[in-house]
Amino acid sequence: MGTSDVNPVLAHSDLPHGLPDFASISDDDFLPAFREAMSSQRAEVEKIADDPDAPTFANTIEALELSGRDLARASGIFFNLVGPDTNPKRNEISQELSTLLTDHANAIAMNPQLFARISTLHSQADDLDLTEPQRRLLDTRYREAVRAGAGLDDAGQEEMRAISSRLAYLTTTFSQMVLDDTNASAVLVSDEADVQGMSRGAIASARRAAADAGHDSGYLLSLELPTSQSVVSEIHDAATRRRVFDASVDRCSRGNEFDTRDTVLEIVRLRARRAELLGYRDHAEYVIAEQTAPDPAAVDDLLGELITAATRAGSAELASLTEFAHADDPDAEITASDYTYWLARQRKSSSEIDLDGFADYCELDTVISDGVFYAAEQLYGLTFRERPDLHAYHPDVRIWEVFDEQGTSIGLFLGDYFARPSKRGGAWMNNIVDQSTVLSSQPIIVNVLNVPKPDEGSPALLSIDQLTTLFHEFGHALHGLLSAVDYPSQSGTSVPRDFVEFPSQVNEMWALHPDVLAHYARHHETGAPIPSELAEAARANAGADTAHGTIEYLAASVLDLAWHRLSTAQADEVDDVEAFEANALREAGIGSELIPPRYRTAYFNHIFGGGYSAGYYSYIWSEVLDAETEQWFLAEGGLRRENGARFATMTLSRGDSVDPLVAHEKLIGRKPEVEPLMRRRGLMAAS
């Protein structure tokens, strides 16, 4: 800390919407700030718990909701940094905070006087004349306390504290090891012939990555987070494809310092024991009790229906792919490392239009301003003004101020688009500040992607997958930016895990929508609009889901639930991660040597390092709602302000202040059905 008495992490910011002054904050400021903020909230909570007045919603639930504002600020800043721009110091801080914050949360949840007040209000809820958001907040606070162990005896609470603290440490460790081994597993190739098939920009990026890593020559192929690597579908050389594929599937199970398998087993056992302490059969039941899915059986039913259809489609796809490959090369062998390569070639050959040139019409800056922002303006009346005078946590991050239809500033949007070694893989959205009318706070939202950074002076050109990801993550951003709730814990994306992906999946539909595509798709050199036949081919390509993609996703969902359906006794018996994984996939009828899960256990960061444990099914569960909503949008005329206003009013603005499934049923006028999703993914059986 500097000479000021106020820690810069906690200092009031005069920047728009309270944007943190990142330049004034050093890593050494974080731990003191968190300790000070936790101490402050403990004092606030003790005052609430010891209040001599009878508990009311205002003096207990609302007071608790509004406590810990310094802690929320510190968390919004620090945890936004750890994912996209970590370093050894921040990793150490994250490890220490994982247990400190868990212990702090447990101390609040298990405060007996506070729990007594919450329990009293919960038992009187029907007589308190609460609004729907207030009732949901009361119910949530009661359930959170119970699920933290507030209702257990002293011995049970002590064990819960130990479990929670250890799990926080282990999941943080897992994420750090995945990032470290993903970086360490990058594949260096020496000959340019070995990377033929990749785009010119990707080859240049690989050359620069090799130089940045200290290699005098060659091309460094960095790994993406999922099992399937985009370069494997592009590179012509089979040996190089095999090297990259093997590096991907072997991550974190190589017996080195980043091997996560023992960590996985301990996480699974602790989660099973926690569920048992709280009276649940297993961790899956514990998690799904808080989701929109009614129970694990309902999830099993959906996955089972999709697995049956996907494996049937997969058999047909493989037969067709084998025939295609042999026609091209009679000696061709389709192995796991060849599958996506031949699939990409087959799809390319089936189109009269060469899609390789599509990226030339998708320059990142133009797509953002004339595509992503344009759709948001047409649907929701939002406008975006870049603020180069404001500075974020990294020089690559750009900041826009967001205005509503009346010209009122409603928040800030930060775009962090380029890959770097300090950034974990994948793409995501963060909140630095949550929207809340009670707090008079407006949102500061971050989108993080991993687009390869081009050479100086060269454009960043997006593939169709990268384009879709850009729109997807902006769907999360809209969920945060358009939030209009009273309480911060109900803001934006603070909804059940199996609903949170729904708005972002809906926003994907605009990426290639004719009205949007025509507005941004111009050749990065000539400015010529995209040819209509190339636009149609891109839409056809994006709309043709492969069985491979569905199978690898479903396999990962099966793995997630298999690990988290174990009882304590069953978890104690598992000592071989790979054997358990193979058996779980085989029993579910989705084991395939050719199509491994989208994430294998050892690097499945969503469930062992992130917040998707027993919840990876959420993407397909949400996609049921998304497919229905896409049909609704199109039936109502598509990209129209009236449609955006209705979707924003009924879904995006409401956060968790209402039941999200009920809100969706009101939007489309009925309960959702699975058939639109099955048709979209090409899984409907021929009649």
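If you're wondering where the values come from, they're calculated on a predicted model, not measured in any experiment. (Residues numbered from 1 in each chain as written. Predicted model: local features only at pLDDT ≥ 70, side-chain atom pairs only at ≥ 80, totals over all residues. Heavy atoms only, no water.)

**Section: the packing of aromatic side chains**
- Under the defined criterion, the tally for this structure stands at 32 aromatic pairs.
- On the numbers, 5.5 Å between centres and 75° between planes, the contact of Y341 with W342 is edge-to-face.
- A ring pair is formed by Y617 and W621, whose centres lie 6.0 Å apart and whose planes are at 90°; its orientation type is edge-to-face.
- Note on W621: relative accessible area 16%, which makes it buried.
- Taken together, the ring pairs connect F499, F502, W510, W632, F633 and F647 into an aromatic cluster.
- Sitting over the ring of W428, R424 keeps its end group 3.7 Å from the ring centre.
- Sitting over the face of the ring of Y612, R497 holds its NZ or CZ atom 4.2 Å from the ring centroid. (Phe/Tyr/Trp six-rings, centres within 6.5 Å; stacked < 30°, edge-to-face > 60°. Buried < 20%, exposed > 50% of the residue type's maximum accessible area, 1.4 Å probe, protein only. Lys NZ or Arg CZ within 6 Å of the ring centre and 35° of its normal.)

**As for the domain arrangement of the chain**
- Along its sequence, the chain is organised into domain 1 (8–151), domain 2 (185–250), domain 3 (260–350 + 547–615) and domain 4 (359–518).
- Measuring from the centre of the C-alpha atoms in domain 1 to the corresponding centre in domain 3 gives 35 Å.
- Residue-level contacts link four residues of domain 1 with six residues of domain 3.
- Summed over both partners, the interface of domain 1 with domain 3 buries about 410 Å², with 39% contributed by carbon and sulfur atoms.
- Inspection of the region where domain 1 meets domain 3 yields one salt bridge.
- Between E290 and R143 there is a salt bridge; the shortest N-O distance is 3.0 Å.
- Where domain 1 packs against domain 3, one counts three residue pairs in polar contact (both at pLDDT 80 or more).
- Residue classes in the side of domain 1 that touches domain 3 are distributed as one nonpolar, one polar and two charged. (Domains from an automatic or database assignment. Contact = heavy atoms within 4.5 Å. Buried area = accessible area lost by both parts, 1.4 Å probe. Salt bridge = Lys/Arg side-chain N within 4 Å of Asp/Glu carboxyl O. Polar contact = N/O pair within 3.5 Å; in protein donor to acceptor, adjacent residues only side chain to side chain. Nonpolar A, V, L, I, M, F, W, Y, C, P; charged D, E, K, R; others polar.)

**Comments concerning the packing of helix 2 (residues 57–66) against helix 5 (residues 112–123)**
- In contact at an axis separation of 10 Å, helix 2 and helix 5 are set at 115° when each is read in the N-to-C sense. The handedness of the crossing between helix 2 and helix 5 is left-handed. In contact with F57, N59, T60, I61 and L64 of helix 2, helix 5 contributes L114, R117, I118 and L121.
- Its residues placed into classes, the contact of helix 2 with helix 5 shows six nonpolar, two polar and one charged. (Axes fitted to C-alpha atoms, helices over the stretch in contact; angles between N-to-C directions. Helix = DSSP H or I, 4+ residues; strand = E, 2+ residues; numbered from the N terminus. Left-handed = near helix turned anticlockwise from the far one by under 90°.)

**As for the pairing of strand 5 (residues 409–418)**
- With respect to burial, strand 5 is a largely interior element, ten of its ten residues being buried.
- Pairing of strand 4 (residues 398–403) with strand 5 involves six bridges; the strand directions are antiparallel. Its bridge partner lying in strand 5, F403 is registered against S409.
- Pairing geometry for strand 5 and strand 7 (residues 444–451), over six bridges, is parallel. The residue of strand 7 that forms the bridge with F418 is V451. (Pairing = 2+ DSSP bridges.)

**Structural notes on the side chain of H394**
- Here H394 shows up in the loop between strand 3 (383–386) and strand 4.
- Engagement of the side chain of H394 in a polar contact is seen with the backbone nitrogen of D396, the distance being 3.0 Å.
- Among all residues touching H394, those that are not within four sequence positions of it are D85 and R420.

**Some words on the sheet that holds strand 4**
- Taken in spatial order, the five strands make up an open sheet running 3-4-5-7-6, and their pairing is mixed. Here the strands that pair on one side only, and so sit at the sheet edges, are strand 3 and strand 6 (428–433). Strand-to-strand twist of the sheet, defined as the mean angle between neighbouring strand axes without regard to direction, takes the value 30°.
- Bridge analysis of strand 6 against strand 7 gives five bridges, and the strand direction is antiparallel. Each residue of the ladder has a partner; that of N431, found in strand 7, is I445.
- Those strands touched by helix 3 (residues 69–82) are strand 6 and strand 7, and its axis lies near 150° from that of strand 6.

**Topic: the environment of R90**
- You can see R90 is positioned in helix 4 (residues 88–109).
- Setting aside anything within four residues of it in sequence, one finds R90 in contact with D27, F78, L81 and D85.

**As for the nonpolar core**
- With 145 residues, the main nonpolar core has F358, Y380, L467, Y520 and W563 as its most contacted residues.
- Setting aside chain neighbours within four positions, we find W563 in contact with V264, L265, V268, V574, V577, F580, T601 and F608.
- Core analysis: the second largest hydrophobic core is formed by 33 residues, I25, I77, L390 and I444 among them. (Core = buried A, V, L, I, M, F, W, Y, C linked by side-chain atoms within 4.5 Å.)

**Concerning the pairing of strand 4**
- Of all six residues in strand 4, five are buried, a share of seventy percent or more.
- Connecting the antiparallel pair strand 4 and strand 5 is a turn made up of five residues, with G407 showing a positive phi of about 85°.

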